[in-house]
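Chain and residue survey
Given next are the chains, with one letter for each unit.
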Amino acid sequence: MVEQSPLRPETQVVQQGRPEREPGGAIIGGISVSTTFRAGGEYIYGRSDNDTWKDLEAVLGALEEGQALVFSSGMAAISATFDLIPPGGVVVAPTAGYLNTFVQLRKLEANNRLRIRWVDINENQQVIAALDGAAMLFFESPVNPLLTVADVSTLIREAKARGVLVAVDNTFATPLRQQPLKLGADVVVHSLTKALSGHSDVVLGAAITDSPELLEKLMSYRKDSGANAGPFEAWLALRGLRTFPIRFAQAENSTKILVERLHNHPAVERVRYPGFGFMVSIEVKGGARAADKACNASKIISYATSLGGVESLWERRRRHDDEPLEVPENLIRISVGIEHVEDLWNDMDQALTRSQS
Ligand SMILES: *Cc1c(COP(=O)(O)O)cnc(C)c1O
């Protein structure tokens, strides 16, 4: 394995997590399926250790510049992170963001496991005022699905100055556009289900930290709760991750072109784009009905949830009953894939035009 070095991410994703470089050695690591190991060695049982996880973790760790742990899903990694909060401790969390994160927080609060101080993550003063005595600040940026951008470095700095643990869900920004650990955060979580795996064929998550103490706690949560990944899923994610930077570059480039054109589309009232990445949200004229109509009229883009895959997806977010009411009825969240941008534009244009009739 290659030592951590200032290699660029495009090289890290290809180089890390490979078998030893030795004559006759394989270039690609195997899928390690054994659930048990002969006594007397380092490995004991398949819930705690797996070589395929380790290969994937080497790449993720290099991208975020920390030690990565693979979990069975993004939500499992997030649950492990919430478990770092001491019993009854306070978590400062935003009112907007990935839905299940907040569903899970509310459940934990209902069970008296922790207490939540809700904040608007885009209001620094509000967040800072809530930090005193808190155990953890947890947030994501850009924020799903409104795609606002938090003042990430200030929030991390202010939280750390007050001894508050900081965890950031970096799924939308990806380590190519934001590295929260380098800004001082303690834990980064990812849904690998999204852009890092990138093929919409695996549900998986990761938590990454540069603290040995937190790593130990997260690892023990994974083992004891059984939130461990399947080796086949880990291998698929690793395979997908090898091409992540080129997929990201293509998707981001197309997104910027589409954003410019969407601004001038007569069916579009508002475009929400953080200025980077492959996610864009639009509000269409004609309310929920027109938004649904547009989503159903596309022939290349699929009307489906999720994001970060090679295929473009869009959806009217408020079709989900529990989506926060601050998300407009006519908002379509778009995940731009790697298809040719002109084909995407033609499809979007015709679908949006048809939505108005
Ligand atoms: C999808 C997603 C999650 C949850 O990940 P799963 O792999 O579906 O459990 C968490 N946060 C964000 C921002 C996501 O997009």
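Treat the numbers as computed from the prediction; the structure is a model and nothing was measured.

**Thoughts on the domain arrangement of the protein**
The assigned domain composition of the protein is domain 1 (9–241) and domain 2 (244–355). Relative placement of domain 1 and domain 2: their C-alpha centres are 27 Å apart. Every contact between the two is made by 27 residues of domain 1 and, on the other side, 27 residues of domain 2. The contact between domain 1 and domain 2 buries some 2400 Å² in all, and 67% of this surface belongs to carbon and sulfur atoms. Seen at the junction of domain 1 and domain 2, the total is 1 salt bridge. The tally of links between domain 1 and domain 2 comes to 11 residue pairs in polar contact (both at pLDDT 80 or more). Of all the elements in the fold, those that place two or more residues in the side of domain 1 that touches domain 2 are helix H1 (9–15) and helix H8 (231–241). A total of 3 residues in the side of domain 1 that touches domain 2 trace back to one element, the largest contributor, which is H1. Of the residues contributing to the side of domain 1 that touches domain 2, the split by class is 15 nonpolar, 9 polar and 3 charged.

**A look at the pattern of salt bridges**
One side chain can pair with another of opposite charge once the charged atoms of both are near each other. Applying the stated criterion across every chain, the model contains 19 salt bridges. Asp 186 is the salt-bridge partner of Lys 160, the closest N and O atoms lying 2.7 Å from each other. With a gap of 26 residues between them, Lys 160 in helix H6 (residues 152–161) and Asp 186 in the loop between strand E5 (165–169) and strand E6 (187–191) connect regions that are remote in the sequence. Using a relative accessible area of 12% as the deciding quantity, one classes Asp 186 as buried. Residue Glu 252 is joined to Arg 177 by a salt bridge in which the shortest nitrogen-to-oxygen separation is 2.7 Å. Placement of the pair is Glu 252 in helix H9 (residues 244–263) and Arg 177 in the loop between E5 and E6, with a sequence separation of 75 residues. The class of Arg 177 is partly exposed, set by a relative accessible area of 41%.

Calculation notes
Residues numbered from 1 in each chain as written. Predicted model: local features only at pLDDT ≥ 70, side-chain atom pairs only at ≥ 80, totals over all residues. Heavy atoms only, no water. Domains from an automatic or database assignment. Contact = heavy atoms within 4.5 Å. Buried area = accessible area lost by both parts, 1.4 Å probe. Salt bridge = Lys/Arg side-chain N within 4 Å of Asp/Glu carboxyl O. Polar contact = N/O pair within 3.5 Å; in protein donor to acceptor, adjacent residues only side chain to side chain. Helix = DSSP H or I, 4+ residues; strand = E, 2+ residues; numbered from the N terminus. Nonpolar A, V, L, I, M, F, W, Y, C, P; charged D, E, K, R; others polar. Buried < 20%, exposed > 50% of the residue type's maximum accessible area, 1.4 Å probe, protein only.

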